Amino acid sequence: MRVKISKDWELPESSVTPESDYLSRRQVVKALGLAAASPLLLPSLADAATQGFPTKLNKKYLAPEGRKLTNPRLVISYNNFYEFSTQKDEPRILANRGWKTEPWTLEVGGLVENPLKLDVNALCKEMGLEMRIYRFRCVEAWSMVIPWDGFPLHKLIKKAKPTSKAKFVKFTTFMDKKAGPGFENYPYYNWPYTEGLRMDEAMHELSFLAVGIYGRPMPNQNGAPIRLVVPWKYGFKSIKSIVKIEFTDKQPNTLWNAAAPKEYGFYSNVNPEVPHPRWSQARERVIGAGVLADRIPTLPFNGYEKEVAPLYEGMDLKKHF
Ligand code: MTE
């Protein structure tokens, strides 16, 4: 079935009026082409009432000046989800062949006063959802602009009450060999997929747990039902389909850092001045801009320098890349 998507994805800052929350959300919904959207495109809102959808756009986090929202059809069909496939167009198919992402339990533990086992739908209801538009920059030098639905990670951290010994947060993805062919097809990766943040990075207002995109529940291929989004870091830090969050006193091992430490540092802050050993990070290809479009310059911290640079004061970011 062909899905009709309306023409343009631009949501410029200037479009925000005093009724911006409402209007901007309307624009996103309109952009989504709700009336025409097939369930194949994005999960339906009818399935999501228990999670607290529909969401309201938080106008502090809008599309960057001059950038368009990425067409959702591309967001859901150009994916990195190695548990399913290393081919960009395959997670959309393979993650929707009977893999169940509801109900889903998220465990929060380690160095905390209040260890938790949470049903993700109930957690969404409790935390309250909002929409934020963030730039998304993959280490492979492509980028998108995506409206995410979810809540700031610090809200969950406060609920778990980490002890003063907690210095890092470790995230772990599901591991079900029956669901994901990637576990057996790529045995050289250190499964399950893990990621980590320093405690102050995790507590930063921008660090977000997303349970949806474009005002709809998260499609499986984008990391249903709950994933991390850290917009100033390369996309691989934004771990999908999280089952466990642990607070530790040591810097956690992560899948990519273990696989190629010289290519994928623990910090992996977007930095146009630190090339990947095999390619430059100075510019990025905007997904959806067309094959003939010029690459645009990559910004330090992916455009979030003002907000996050203080986290790294005094650190040599070329050494701690
Ligand atoms: N999380 C898990 N569990 N598995 C993955 O393969 N890929 C990462 C990140 N999170 C990945 C993951 C990479 S490399 C990127 S660029 C983003 O997810 C891609 O997210 P998207 O497919 O929603 O665009």
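As shown above, the structure is provided for reference.
Residues numbered from 1 in each chain as written. Predicted model: local features only at pLDDT ≥ 70, side-chain atom pairs only at ≥ 80, totals over all residues. Heavy atoms only, no water.

Draft legend 1. Expanded view of the side chain of Lys240. Examined against the element boundaries, Lys240 turns out to sit in the loop between β10 (227-229) and β11 (242-248). Of the side chains bearing the opposite charge, Glu83 lies closest to the buried Lys240, which forms no salt bridge; the N-O distance is 7.3 Å. In this structure the side chain of Lys240 is engaged in a polar contact, spanning 2.7 Å, whose partner is the backbone oxygen of Asn80. Apart from the residues within four sequence positions on either side, Lys240 is in contact with Asn79, Asn80, Phe81, Thr173, Gln221, Asn222, Gly223, Ile226 and Arg227. (Helix = DSSP H or I, 4+ residues; strand = E, 2+ residues; numbered from the N terminus. Buried < 20%, exposed > 50% of the residue type's maximum accessible area, 1.4 Å probe, protein only. Lys, Arg positive; Asp, Glu negative; His and termini not counted. Salt bridge = Lys/Arg side-chain N within 4 Å of Asp/Glu carboxyl O. Polar contact = N/O pair within 3.5 Å; in protein donor to acceptor, adjacent residues only side chain to side chain. Contact = heavy atoms within 4.5 Å.)

Draft legend 2. View of the sheet that holds β11. As summarised here, the arrangement of the five strands in space is β3-β2-β11-β6-β7, forming an open sheet in which the pairing is mixed. Each of the sheet's edge strands pairs with one partner strand only, and the pair in question is β3 (116-119) and β7 (194-198). The sheet shows a mean angle of 15 degrees between the axes of neighbouring strands, direction not considered. One ladder, built from four bridges, connects strand β2 (residues 105-110) with β3; its direction is antiparallel. Along β3, the bridge assignment pairs Val108 with Leu116. Sheet strands touched by helix α4 (residues 120-127): β2 and β3. Its angle to β3, the strand with the most contacts, is close to 90 degrees. (Pairing = 2+ DSSP bridges. Axes fitted to C-alpha atoms, helices over the stretch in contact; angles between N-to-C directions.)

Draft legend 3. Quick peek at the pairing of strand β12 (residues 283-286). Note that strand β5 (residues 142-152) and β12 share two bridges and pair parallel. The residue bridging Trp142 from the neighbouring strand is Arg285, located in β12. In this sheet, strand β13 (residues 296-297) lies alongside β12 in antiparallel orientation, the contact comprising two bridges. Residue Arg283 lies in a different strand from β13, and its bridge partner there is Pro297.

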